[in-house]
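# Fold and contact review
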Amino acid sequence: MQHQKQTKTKVIHSLKQANSLQWNLCANPQQLSSRQKERFDPFVTFEFLHALEESDSAVAETGWLPHHLLETDSLGNYLGVIPMYLKHHSMGEYVFDYGWADAYNRAGGDYYPKLQVAIPFTPVTGRRILLNSVTGDDEVEARLINKTISLLNKYQASSLHLTFVERDTWKKLGEKGFLQRMDQQFHWQNRDYESFQDFLATLSSKKRRNILRERKQALENDIVIEHLTGNSITEGHWDIFFEFYQETGSRKWGRPYLNRAFFSLIGQTMAERILLIFCKRNGRYIAGALNFIGSDTLFGRYWGCLEHHPCLHFEVCYYQAIEYAIINSLSYVEAGAQGEHKLARGYTPNFTYSAHWIANRNFRKAVEHYLDSERTMVRDDQYFLMQHSPYRKGL
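Keep in mind that what you see is a predicted model, and the values were worked out from it rather than measured. Counting restarts for each chain, with residues numbered from 1 along the sequence as it is written. Predicted model: local features are reported for residues with pLDDT of at least 70 only, side-chain atom pairs are reported and counted for 80 or more only, and whole-chain, interface and lining totals are derived from all residues. Values reported for side chains reflect all heavy atoms of the structure, with hydrogen atoms and water molecules removed beforehand.

### Quick word on the sheet that holds strand 6 (residues 114-117)
For clarity, the cut-off: Only when DSSP finds a minimum of two bridges between them are two strands counted as paired. Helix and strand definitions follow DSSP, with helices as H or I runs of at least four residues and strands as E runs of at least two, each counted in order from the N terminus. The axes are straight lines fitted to the C-alpha atoms, using for helices just the contacting stretch, and the angles between their N-to-C directions are given from 0 to 180°. The contact rule is simple, with two residues in contact once any of their heavy atoms fall within 4.5 Å.
As summarised here, the arrangement of the 11 strands in space is 2-5-6-8-15-9-14-13-12-11-10, forming an open sheet in which the pairing is mixed. Each edge of the open sheet carries a strand with a single partner, namely strand 2 (64-66) and strand 10 (223-229). If you compare each strand with its neighbour and ignore which way they point, the axes differ by 30° on average. Where strand 13 (residues 297-305) and strand 14 (residues 332-334) come together, three bridges link them in parallel fashion. Bridge pairing in strand 14 places Leu298 opposite Val333. Sheet contacts for helix 11 (residues 361-386): strand 9 (179-189) and strand 15 (348-358); angle to strand 9, the most-contacted strand, approximately 25°.

### Side note on the packing of aromatic side chains
Stated formally: Between the rings of Phe, Tyr and Trp (Trp by its six-membered ring), a pair exists once the centres lie within 6.5 Å; its type follows the angle of the planes, with under 30 degrees stacked, over 60 edge-to-face, and the other angles tilted. Burial classes: relative accessible area under 20% of the type maximum marks a residue as buried, over 50% as exposed, and values in between as partly exposed (1.4 Å probe, protein chains only). Remark: a charge is flagged as sitting over a ring if the NZ atom of Lys or the CZ atom of Arg is within 6 Å of the ring centre and within 35 degrees of the ring normal.
Taken as a whole, this structure holds 34 aromatic pairs when the rule is applied. Ring geometry for Phe96 and Tyr98: centres 6.2 Å apart, planes at 20°, overall stacked. By relative accessible area, which is 43% here, Phe96 ends up partly exposed. Judged by its relative accessible area of 42%, Tyr98 falls in the partly exposed class. Over the aromatic face of Tyr391 sits the side chain of Arg191, whose NZ or CZ is 4.2 Å from the ring centroid. If you follow Lys280 out to its NZ or CZ, it ends over the ring of Tyr285, 4.5 Å from the centre.

### Here we look at empty space enclosed by the protein
Under the convention used in this document: In this analysis, the protein atoms alone were mapped onto a 1 Å grid. Cavities are point sets where a 1.4 Å probe fits without being able to get out; pockets are open sets with protein on both sides within 12 Å along at least five of seven lines; lining residues have an atom within 4 Å of a point. Grid points are joined across faces, edges and corners, and a volume is the space filled by probe spheres set on the points. Residues are sorted three ways: Asp, Glu, Lys and Arg are charged, Ala, Val, Leu, Ile, Met, Phe, Trp, Tyr, Cys and Pro are nonpolar, and all the rest, Gly among them, are polar.
Applying the stated criterion across every chain, the model contains three cavities of 30 Å³ or more. Its volume calculated, the largest cavity comes out at about 100 Å³. Along the walls of the largest cavity sit 14 residues, with Tyr94, Val95, Phe164, Asp183 and Thr352 positioned nearest its centre. Only strand 9 and strand 15 provide two or more residues apiece to the lining of the largest cavity. Among the elements that make up the lining of the largest cavity, the one with the highest residue count is strand 9 (five residues). Partitioning the lining of the largest cavity into residue classes produces seven nonpolar, five polar and two charged. What lines the second largest cavity is Ser57, Thr62, Trp64, His89, Met91, Gly92, Phe121, Arg255 and Tyr257. Each residue belonging to the lining of the second largest cavity can be placed in one class, and the counts come to four nonpolar, four polar and one charged.

### Regarding the sheet that holds strand 3 (residues 68-73)
Spatial strand order, 1-3-4-7: four strands in an open sheet with antiparallel pairing. Either end of the sheet is taken by a strand with one partner, and the two such strands are strand 1 (7-12) and strand 7 (130-131). Alignment of strand 4 (residues 78-82) against strand 7, held across two bridges, turns out to be antiparallel. Bridge pairing in strand 7 links Gly80 to Leu131.

### Notes on the state of the cysteines
What counts, and what does not: Here, a disulfide means two cysteine sulfur atoms that sit within 2.5 Å of each other.
Counted by the stated rule, this structure contains zero disulfides. Of all cysteine sulfurs, the one in Cys317 lies closest to Cys311, which takes part in no disulfide; the gap is 13 Å.

### Brief notes about the packing of helix 3 (residues 98-106) against helix 11
As a reminder of what qualifies: In what follows, roughly perpendicular refers to angles from 65 to 115 degrees, roughly parallel to angles under 35, roughly antiparallel to angles over 145, and oblique to any angle outside these ranges. Take the far helix as the reference: if the near one is turned anticlockwise from it by less than a right angle, the crossing is left-handed, and if turned clockwise, right-handed.
Orientation of helix 3 relative to helix 11, taken along the N-to-C sense of each, is 150°, at an axis distance of 11 Å. On the basis of the axis angle, helix 3 is roughly antiparallel to helix 11. Helix-helix and strand crossings are classified by hand; for helix 3 and helix 11 the assignment is right-handed. Counted together, Trp100, Ala103 and Tyr104 of helix 3 and Phe363, Val367, Tyr370 and Leu371 of helix 11 form the full contact between these two elements. The class makeup of the residues in the contact of helix 3 with helix 11 is seven nonpolar, no polar and no charged.

### Overview of the layout of surface pockets
Here the largest pocket is characterised by a volume of approximately 710 Å³. As for the largest pocket, its lining consists of 28 residues, and the residues nearest its centre are Thr125, Glu166, Asp296, Thr297 and Glu334. At the level of elements, strand 9, strand 13, strand 14 and strand 15 are the ones that each hand at least two residues to the lining of the largest pocket. Looking at the lining of the largest pocket element by element, the count peaks at four residues for strand 15. Across the lining of the largest pocket, the residue classes tally to nine nonpolar, 10 polar and nine charged.

### Looking at the pattern of salt bridges
Pairing between side chains becomes possible if they bear opposite charge and their charged atoms approach one another. Short version of the rule: By definition here, a salt bridge exists when the distance from a side-chain nitrogen of Lys or Arg to a carboxyl oxygen of Asp or Glu is within 4 Å.
A complete count under the given rule lists 19 salt bridges for this structure. Close ionic contact of Lys280 with Glu226 constitutes a salt bridge, the shortest N to O distance being 3.4 Å. Of this pair, Lys280 sits in strand 11 (residues 274-281) while Glu226 sits in strand 10, and the two are 54 residues apart along the sequence. Using a relative accessible area of 24% as the deciding quantity, one classes Lys280 as partly exposed. Its salt-bridge partner being Arg375, residue Asp372 comes within 2.6 Å of it at the nearest N-O pair. Taken together, the residues span about one helical turn, with Asp372 and Arg375 both in helix 11 at a distance of three residues. Here the salt bridges do not stand alone but share partners, grouping Lys87, Glu93, Asp97 and Lys114 into one network.

See below:
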């Protein structure tokens, strides 16, 4: 008689308690054969998440108390993990539920704490239920999901949120009773272009002329572009970039989420997956963007500048990223959240997905009604935007 394998599920409050190799086997499972396409997501790796904690950027003091969920077999091998946090605010998530929190509190409840399955400060779609199997394991996945729901009572949390999940996961969670939410971002897709000129040729003449004008204007005033990756990135470069990051963060949010130590840590452990695009004028760095390199996607994350030049942001964050993707045979560029202005520059709208479990039945019904309407609005908006696609008709 065959006995069922014994498994154990536990919550850890720091990645220092995790085995980095075992975590990464779940984050980016090894391929079953050489014919399968490599899949690598830099944001779910132990190195990225550990840097957030080790630098004190995503810890209890900043409102991101780690509650990572692990399932192991009898030998201690990780079968699956979920990066999860107990939160007392909704900052740094990019799926906004401030209105929900306000309504819940006005009704006499306590919306916080809540459980958040997410990559802090990173609005990038990816796997959130990380299984140590390329093909997935439905039983492990189901146990992990059920365990996260059961933790709501233990921590007296109002709700559980999984943000920027993949569509297949979103559909599965919907079938399990999670409320389904949609939004959109603007991504660029490589259609086997051999050069930037090939990409331009697919655009309408008006959009093509506009991009050429912007690229020329951006590099006026003797601005020079540099690409840095791997060993070419030094601590001095991180000092410079952090100055850029602080400038943008203080202007947009009042207080940047990440500190200087975070950038040193990812520079030490993830340099080969990082692309810095810097701008130099008169021998001085004046602007730059931080990108992460996935298996088929270039992820644009942060931008900042000390001097403001027309169209320089478009050049560094959009056009340089497209050129890099073409040269390196990457299929996509994701240039961050929101931004309808990206449409005119070749980036088209793509749906993003999140799933939500709300414990209170009455409040759950109210949110469900709201999300039904919101999904319709998001779909209608995408349809409208695609009518204004920059690409020539028929492409």
